[in-house]
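Chains, contacts and geometry: an overview
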Amino acid sequence: MQNSTKYDQIIDALETLLTQKPIQDISVSEIAQTAGIAKGGIYYYFSSKNEILEAMIERKYKHPLETAKHLADQKDISPFTRMAMIFQACRNSNGEFLTQDSVTSAVDDKEQAFLHQKYIQYLVTELKPVLTEIIQQGIESGAIDFDYPAALSEIVLIVLTVKLDRSLIPTSDNDVDDTIAGLISLLEKGTGTPAGTLNYLKS
């Protein structure tokens, strides 16, 4: 059984070092020293520095993603309401740690793009099966008329995560609102839902 304290100490160490320098300048030895453990101890828990970074991202988004995943089982709630909750999960988790001054102050634009790419990859990978299942349930109940639930969920998540991540595409609040309005319109037309039905997803 893994020692969760040391596991978290290693992740904490990387997070601390990211406030001081870019990820490419951080060595496994530095992470071990900052964590207060032997370098060999790192490899008991992680195979690489990249794996530690992925664990840090996973830990940061654990609670909002657990909440989102729980929605797939809530069949007594409208699929559209659950989709709205997924939208909100994306907004709440967007840049939760990558946009913090303590992390971003030490990195340049290229580094920011790399870290945010990792964030988007993780978020889309984790949320896609959840949203797909919700859309599929909507199709089975007759609330949604669409033939490609997995493709639709991926499109929605990519648009949301990329657009809401303002470090990748500099954008204003109005631009974000327009994108979400456009996405809602496409969802309504693509799923055969009457216009205006999904306007509450804007909230």
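Here the structure is shown first, and the text comes after it.
Residues numbered from 1 in each chain as written. Predicted model: local features only at pLDDT ≥ 70, side-chain atom pairs only at ≥ 80, totals over all residues. Heavy atoms only, no water.

We now examine the overall build of the protein. Looking only at helices and strands, the protein features 10 helices and zero strands. Counting helices and strands in the order they occur from the N terminus, the protein gives α-α-α-α-α-α-α-α-α-α. Buried residues in the protein amount to 42% of all 203 residues. Contacts in the protein between residues far apart in sequence, at least 24 positions, make up 66% of those at least 6 positions apart. In the structure as shown, the protein presents an accessible area of about 10,300 Å², 51% of it carried by carbon and sulfur atoms. (Helix = DSSP H or I, 4+ residues; strand = E, 2+ residues; numbered from the N terminus. Buried < 20%, exposed > 50% of the residue type's maximum accessible area, 1.4 Å probe, protein only. Contact = heavy atoms within 4.5 Å. Areas by Shrake-Rupley, 256 points an atom, 1.4 Å probe, with all protein chains shown as cover.)

So, about the nonpolar core. Generally speaking, soluble globular proteins have nonpolar side chains that are buried together. In this structure, Ile10, Ile31, Ile86 and Leu187 are the most contacted members of the largest nonpolar core, which totals 57 residues. Excluding anything up to four places from it in sequence, Leu187 contacts Met83, Phe87, Leu152, Val156, Leu198 and Leu201. (Core = buried A, V, L, I, M, F, W, Y, C linked by side-chain atoms within 4.5 Å.)

We now examine the pattern of salt bridges. Any two side chains of opposite charge can pair if their charged atoms end up close together. This model, assessed by the stated rule, comprises eight salt bridges. The closest approach of N and O atoms between Glu15 and Lys60, which form a salt bridge, is 2.7 Å. Taken together, the residues Glu15 in helix α1 (residues 4–17) and Lys60 in helix α4 (residues 49–60) connect sequence positions 45 residues apart. With a relative accessible area of 15%, Glu15 lands in the buried category. (Salt bridge = Lys/Arg side-chain N within 4 Å of Asp/Glu carboxyl O.)

Let's shift gears to the layout of surface pockets. There is about 150 Å³ of room inside the largest pocket. Together, Tyr7, Asp8, Ile11, Ala55, Glu58, Arg59, Lys62, Leu65, Glu66, Lys69, Tyr122 and Glu126 line the largest pocket. Those elements that place two or more of their residues in the lining of the largest pocket are α1, α4, α5 (62–70) and α8 (109–141). For the lining of the largest pocket, the element with the highest residue contribution is α5, accounting for four residues. Of the residues in the lining of the largest pocket, the class split is five nonpolar, no polar and seven charged. (1 Å grid on protein atoms, 1.4 Å probe; cavity = no way out; pocket = protein on both sides within 12 Å on 5 of 7 lines; lining within 4 Å. Points joined across faces, edges and corners; volume = space filled by probe spheres on them. Nonpolar A, V, L, I, M, F, W, Y, C, P; charged D, E, K, R; others polar.)

For the rest of this paragraph, the subject is helix α2 (residues 28–35). Within the span of α2, buried status applies to Val28, Ile31, Ala32 and Ala35. Seen from one end, α2 has its buried residues packed into an arc of 100°, which puts them on one side. Against the buried residues of α2 lie α1, α3 (39–45) and α4. The positive-phi residue at the C-terminal boundary of α2 is Gly36, with phi of around 75°. (Arc of directions from axis to C-beta.)

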